[in-house]
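Descriptive structure summary
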Amino acid sequence: MELNRDYILQKVEQYPTPFYLYRMDLLTATLDACKNAADKYNYKVHYALKANSDSHVLSTISSYGFGADCVSGQEILTAIENGFSPNHTAFAGVGKTDEEINIGLDTEIFTFNCESIQEIEVINELAEKKGKIARIALRINPNVNANTHKYITTGLEENKFGINRWEFETILKTLEQCQNIKLTGLHFHIGSQIVDLSAYRSLCLRVNEIQQWFIEHRILLEHINVGGGLGIDYYQPDLNPIVDFEGFFAIFNDFLELQPHQELHFELGRALVGTMGELITKVLYIKNGQRTNFAIVDAGMTELIRPALYQAYHKIENISKSTHNADEFYDVVGPICESSDCFGKRVKLPQTERGDIVAIRCAGAYGQVMANQYNLRKIPEVVYYEG
Ligand SMILES: *Cc1c(COP(=O)(O)O)cnc(C)c1O
C-alpha cells in the first residue's frame, strides 16, 4: 500500500495545489486492524474527531461502529451528523461552555469527561433545568510522563488538564450534592504522539492505584477510559503504515486490573488517520543560499502547522523524481511570511526543480483541521484515493 505516484501526478493536472490526499484504502485497512485488535478484548474505541473531521473520513470511521471522542459542542453535532451514535460519544475539554454542555445534555451523550469541581456543579445545574441525569467520568490527572513534546504532554500535574489526587475527597462531597449527575467512570489522557509504549504501562499501574481508592470508598465505576495518544511512524510511513494495535491493546490486557463488568474505553485520533493523509504541493522556486538551498513550495504552515508548532518531523518526498538518486539537501519552506514556515531542514532529495511535485507525508492528523487563512490563503481541497 505504497504511495501511488502516478495517481498523484495525474490528480495534480485536475486540482490546484496544494491539496490533501486521503488514501481511503489505507484508512479502512487501519480501521480493520484496530477493530480486530480491540474486539479481541471487547475494548471500546472512540475516534477523537479533532484529529481529522473531514466528513468522508468521519462517515467511514463511524461505519465501523467506533464511538466518538469530542472536545467541543460542534464536534458532538458533527459526529452525530456523520453517523456516530450519541450513546458512544464522550465529551472532554477543560473549558466546556454552558451552550456546549446543553448540546451534550440534549443529545444524551455517553459521558461528559469532567475536568474540575466547578464544571461538575455547572453540569448538574444545567441538567436539573432539563430534568435530566448527566453521566460523567472524572478526568484524572495521573501524573505520568508521556515522553513526548512538551506542548502535547497532558498528564502531568503542571498541565491544565484533569483533576488531581488531592481533590478526590472534595469531589465526593460535591457528587453527593449533585442529584442530576451520575458518576460512571474515570478518564485519563496522558498526551499525544506517544511512541514509547512504556508510558502506557505506567498509566495502567497508576490507574490500578487510583481505582483502589474508589473501591475503598465503595464507588462502582462502569468504565475506565484511558484516552488516546498512540503515536505513528512519521519516519517510515511505508514500512509501518499501520500502528501495532495488537501490541498496544495487549499492554492494557496485561497490566490494567479491570473490575468485573467494567468496560475499557480508548480515544484514538492520530493512530487511525495520521498515515493515510498526504499534503501534495508543488515546487515554486529553488533558491541557492550560502550554506543551504531552499525549495520553496506552494503549501505552507497554513495547511500543515505541525512543524512550526511542535517542531514535528514529516517525511518529504519529491514524487516527480526517482528517489534512488536523492543526494542533494534542501530546506523545504512555504510561502508564508514567518521564519517558522519550514517543513524540514536539510531534507535529502533528488535534484529538485520548479514544477516538481512534493508529498509531505503523514498529514492526515492535525493537518486539515488546523488549516487557517493567514495571508488570506484558500483552505485547500481534499482528494480521496479509494484504492
Ligand atoms: C486529542 C485527544 C485524544 C486523541 O489524541 P491522539 O493523540 O490523536 O490519539 C484523545 N482524548 C482526548 C481527551 C484528547 O484531547
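Please read these numbers as outputs of a predicted model, since none were measured by experiment. (Residues numbered from 1 in each chain as written. Predicted model: local features only at pLDDT ≥ 70, side-chain atom pairs only at ≥ 80, totals over all residues. Heavy atoms only, no water.)

Digging into the side chain of Asn141
The line we're drawing: Counting from the N terminus, the helices are the DSSP runs of H or I reaching at least four residues and the strands are the DSSP runs of E reaching at least two. Working definition: with a 1.4 Å probe on protein chains only, accessible area under 20% of the residue-type maximum means buried, over 50% means exposed, and in between means partly exposed. Throughout this description, a polar contact denotes any pair of N or O atoms lying within 3.5 Å of each other; where both atoms belong to protein, one of them has to be capable of donating a hydrogen while the other can accept it, and for residues adjacent in sequence the pair is counted only when both atoms sit in side chains.
Structurally, Asn141 is set in the loop between strand 6 (134-139) and helix 7 (168-177). Accessibility expressed as a relative area gives 5% for Asn141, which makes it buried. In this structure the side chain of Asn141 is engaged in a polar contact, spanning 3.1 Å, whose partner is the backbone nitrogen of Asn143. Within the structure, Asn141 has its side chain in polar contact with the side chain of Asn164 (distance 3.4 Å).

Observations regarding the UniProt feature "modified residue: N6-(pyridoxal phosphate)lysine" (unreviewed entry) in the chain
Heads up, the rule is: UniProt positions are given in the numbering used here, feature names are shortened, and annotations may be inferred rather than shown by experiment. The contact rule is simple, with two residues in contact once any of their heavy atoms fall within 4.5 Å.
In the numbering adopted here, UniProt assigns the feature "modified residue: N6-(pyridoxal phosphate)lysine" (unreviewed entry) to Lys50. Mapped onto the elements of the fold, Lys50 is located in the loop between strand 2 (44-48) and helix 3 (55-62). Sequence-distant contacts of Lys50, defined by excluding residues within four places in its chain, comprise Val71, Glu75, Tyr366 and Val369.

Re the UniProt feature "active site" (unreviewed entry) in the chain
UniProt feature "active site" (unreviewed entry): in the numbering of this structure it lies at Cys337. Turning to its location among the elements, Cys337 is positioned in the loop between strand 13 (328-333) and strand 14 (342-349). Overall, Cys337 belongs to the exposed group, its relative accessible area being 61%. Those residues within four positions of Cys337 in sequence are excluded, and the remaining contacts are Tyr374 and Asn375.

Here we look at the domain arrangement of the chain
Put simply, the rule reads: These domain limits were set by an automatic method or by a database of domain assignments. Buried area: the accessible surface (1.4 Å probe) lost by two parts on joining, summed over both. We define a salt bridge as a contact between a side-chain nitrogen of Lys or Arg and a carboxyl oxygen of Asp or Glu at a distance within 4 Å.
If you check the domain split of the chain, you get domain 1 (41-268) and domain 2 (277-385). Each of domain 1 and domain 2 has a C-alpha centre, and the two are 34 Å apart. Contact between domain 1 and domain 2 buries roughly 1,600 Å² in total, counting both sides, with carbon and sulfur atoms accounting for 56%. Taken together, the links from domain 1 to domain 2 amount to one salt bridge. Note that Asp238 is salt-bridged to Arg361, the shortest N-O span being 3.0 Å. Taken together, the connections running from domain 1 to domain 2 amount to five residue pairs in polar contact (both at pLDDT 80 or more).

What about the site of the ligand?
Inclusion rule: We define proximity as follows: a residue is near a molecule or strand when any one of its heavy atoms falls within 4 Å of that partner. All accessible areas in this document rest on Shrake-Rupley with a 1.4 Å probe, and a residue is counted as covered only by the protein chains that are shown. As a working rule, the residues Ala, Val, Leu, Ile, Met, Phe, Trp, Tyr, Cys and Pro are called nonpolar, Asp, Glu, Lys and Arg charged, and the rest polar, with Gly in that last group.
Every one of the 15 residues lining the ligand counts as a neighbour, but Lys50, Ser192, Glu267, Arg270 and Tyr366 are closest to it. Between the ligand and Ser192 there is a distance of 2.4 Å, counted from an oxygen atom to a side-chain nitrogen or oxygen. With respect to the ligand, the backbone of Gly229 contributes an N or O atom lying 2.8 Å from an oxygen atom. Protein contacts shield 94% of the accessible area of the ligand, which totals 390 Å² for the unbound molecule. Its residues placed into classes, the shell around the ligand shows four nonpolar, six polar and five charged.

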